[in-house]
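One-letter residues, chain by chain:
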Amino acid sequence: MFIGRVILQHKGLYRILTEQGECFAEVCGKFFSLDQDKSHFPVVGDYVLVDRKEDTNGYAIIQHVLDRQSVLSRKMVGKDDVAQCIASNIDIVFLCMSMNEDFSVRRLERYIAIAWDSGATPVVVLTKKDLASDVATQLEEVYSVAIGMDVVLTTNTNEDGYKEIEKYLCKGTTVAFVGSSGVGKSTLINKLLGEAYLDTQVLRSGGQGKHTTTHRELVYLQNGSAVIDTPGMREIGLQMTDVSRAFPDIEEFRLQCKFKDCTHTNEPGCAVRKAIEDGILSEERLNDYLKLQKESNYSCL
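Criteria and cut-off values
- Throughout this document, residue positions are counted from 1 along each chain, in the order its sequence is written.
- Only residues with pLDDT of at least 70 get local features here, since the model is predicted, and only at 80 or more are side-chain atom pairs given and counted; chain-wide, interface and lining totals rely on the full set of residues.
- No hydrogens and no water enter the side-chain calculation; it runs on all heavy atoms of the structure.
- All axes here are fitted lines through C-alpha atoms, helices being fitted over the stretch that makes contact, and every angle between N-to-C directions spans 0 to 180 degrees.
- Each helix corresponds to a stretch of at least 4 residues labelled H or I by DSSP, and each strand to a stretch of at least 2 residues labelled E; elements are numbered beginning at the N terminus.
- Each helix crossing is assigned a hand: it is left-handed if the near helix lies turned anticlockwise from the far helix by less than a right angle, otherwise right-handed if that turn is clockwise.
- Contact criterion: two residues are considered in contact whenever any of their non-hydrogen atoms come within 4.5 Å of each other.
- Under this grouping Gly is polar, as are all residues other than the nonpolar Ala, Val, Leu, Ile, Met, Phe, Trp, Tyr, Cys and Pro and the charged Asp, Glu, Lys and Arg.
- Within 3.5 Å is the distance limit for a polar contact, defined as a pair of N or O atoms, with the added protein rule that one can donate a hydrogen and the other accept it, and that residues adjacent in sequence qualify only through two side-chain atoms.
- What is meant by a nonpolar core is a set of buried Ala, Val, Leu, Ile, Met, Phe, Trp, Tyr and Cys residues, joined one to another through side-chain atoms within 4.5 Å.
- The rule is simple: take the accessible area with a 1.4 Å probe, protein chains only, and divide by the maximum for that residue type; under 20% is buried, over 50% is exposed, in between is partly exposed.
- What counts as a ring pair is set by centres within 6.5 Å for rings of Phe, Tyr and Trp (its six-membered ring), and what kind of pair is set by the plane angle: stacked under 30 degrees, edge-to-face over 60, tilted for all other angles.
- A ring is considered to have a charge above it if a Lys NZ or an Arg CZ atom is located within 6 Å of its centre and within 35 degrees of its normal.
- Any carboxyl oxygen of Asp or Glu that lies within 4 Å of a side-chain nitrogen of Lys or Arg is treated as forming a salt bridge with it.
- Given a helix with a known number of residues, its expected span is that number minus one, times 1.5 Å.

1. Some remarks on the packing of helix H1 (residues 105-118) against helix H2 (residues 135-145)
Following both chains from N to C, one finds H1 and H2 inclined at 35°, their axes separated by 10 Å at the closest point. Along this stretch, H1 crosses H2, giving a crossing that reads as right-handed. For the pair H1 and H2, the contacting residues are Val105, Arg106, Leu108, Glu109 and Ile112 in the first and Glu141, Val142 and Val145 in the second. Residue composition of the contact of H1 with H2, by class: five nonpolar, no polar and three charged.

2. Some details on the side chain of Asn89
As for its position among the elements, Asn89 is in the loop between strand S7 (83-88) and strand S8 (92-98). Within the local environment of Asn89, its side chain forms a polar contact with the backbone nitrogen of Gln69, the two atoms lying 2.8 Å apart. If near-sequence neighbours (up to four positions away) are discounted, Asn89 is found in contact with Arg5, Gly45, Asp46, Tyr47, Asp67, Arg68, Gln69, Ser70 and Thr174.

3. Some words on the nonpolar core
Of all hydrophobic cores here, the largest spans 65 residues; its most connected members are Ile62, Leu95, Ile112, Leu126, Val142 and Val272. The element contributing the most residues to this core is H1, with eight residues. Residues contacting Leu95, with those up to four places away along its chain left out, are Leu108, Tyr111, Ile112, Ala115, Pro122, Val123, Val124, Val125, Met149 and Val178.

4. As for the packing of aromatic side chains
Per the counting criterion, the structure on display carries five aromatic pairs. Ring geometry for Phe247 versus Tyr289: centroids 5.4 Å apart, planes at 70°, classification edge-to-face. Pair noted here: Phe247 is in the loop between strand S13 (226-229) and helix H4 (248-254) and Tyr289 is in helix H6 (residues 283-299), with a separation of 42 residues, a long-range link. We classify Phe247 as buried; its relative accessible area is 0%. We classify Tyr289 as buried; its relative accessible area is 1%. Put simply, the rings of Phe31, Phe32 and Phe41 pair up and form one aromatic cluster. Its guanidinium or amino end placed over the ring of Phe31, Lys30 lies 5.9 Å from that ring's centre, counting from NZ or CZ.

5. Considering the environment of His10
Relative to the assigned elements, His10 resides in strand S1 (residues 2-10). For His10, a relative accessible area of 40% gives the class partly exposed. Placed 207 residues apart in sequence, His10 and Glu217 show a C-alpha to C-alpha distance of 9.1 Å.

6. Points about the pattern of salt bridges
Applying the stated criterion to the full structure yields 16 salt bridges. Between Arg110 and Glu295 there is a salt bridge whose closest N-O contact spans 2.7 Å. On the criterion of sequence distance, the pair formed by Arg110 in helix H1 and Glu295 in helix H6 is long-range, its members being 185 residues apart. For Arg110, a relative accessible area of 17% puts it in the buried group.

7. Here we look at H1
Taking 1.5 Å of rise per residue, the 14 residues of H1 would be expected to cover 20 Å, and the 20 Å separating its terminal C-alpha atoms lies within 8% of that figure. Among the 14 residues in H1, 12 count as buried, and that is most of the element. Three or more residues of H1 are buried, namely Val105, Arg107, Leu108, Glu109, Arg110, Tyr111, Ile112, Ala113, Ile114, Ala115, Trp116 and Ser118. A positive phi of about 100° marks Gly119, the residue just after H1.

Encoded structure:
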């Protein structure tokens with residue numbers, strides 16, 4: 001057996017990187033006889049055991065997926081009880097959101113929830129700073145939900161518009177770029193690579209990018225770090241996700257509530273309601289917390 005890493009996944013075929021180079025592979029039959037949610041199938045970033053290091057006489061066969069140190073996943077679209085693994089063995093998740101009309105703090109809260117739950121460290125990357133209507137106000141909104149997280153601003157209008165990202169790309173580190181279609185993930189990765197490796201397309205009128213990436217792919221940079229590009233995700237379902245780390249402000253007050261099962265509606269001694277009355281928390285923030293918590297709990301039934 002030989003160890004390789006999945007660097008590309010497209011339908012039932014995988015591209016594997018081993019010490020000898022790249023080869024194509026497919027899974028052995030045992031993967032199809034296990035449970036049907038397919039979370040045990042290889043994903044980009046996985047380290048796997050394969051039966052050979054080359055595919056000149058047929059595809060290599062993936063026999064086993066090694067234990068994952070982290071895994072980024074979401075609820076599969078249209079299926080309430082099925083998790084879709086996006087990528088694994090990630091150190092940092094770049095949560096990309098453009099500062100044009102695609103800007104949505106409510107969507108960012110969902111990204112933050114699945115990122116913290118993955119076991120990786122989330123970093124908010126705001127793209128298209130040059131198209132922002134009000135940078136200061138948008139930053140204030142982001143910091144209100146990205147509590148304790150790094151926030152990076154980028155732009156493609158000058159060559160140094162992505163430089164701040166490079167400090168996260170240390171040798172041996174794997175980062176994943178996630179976000180809606182057209183926010184500029186592939187463009188940022190191309191900047192880091194120093195070449196137009198990933199397909200990108202020009203903006204539509206109004207500054208909205210066109211969706212390009214249709215599969216997940218891991219690419220190594222010259223310094224030994226790795227980046228993973230993912231298709232755009234506008235719908236982000238939560239699958240058994242612990243949302244508490246995405247709402248540390250609410251969790252702080254929740255622990256002070258008189259009743260452990262407080263619903264934060266009309267119970268006496270509710271510290272969360274008191275914080276809202278005192279102007280420390282917003283009603284909208286609480287509603288988002290309750291909504292995501294209910295969605296995550298529902299998927300556990």
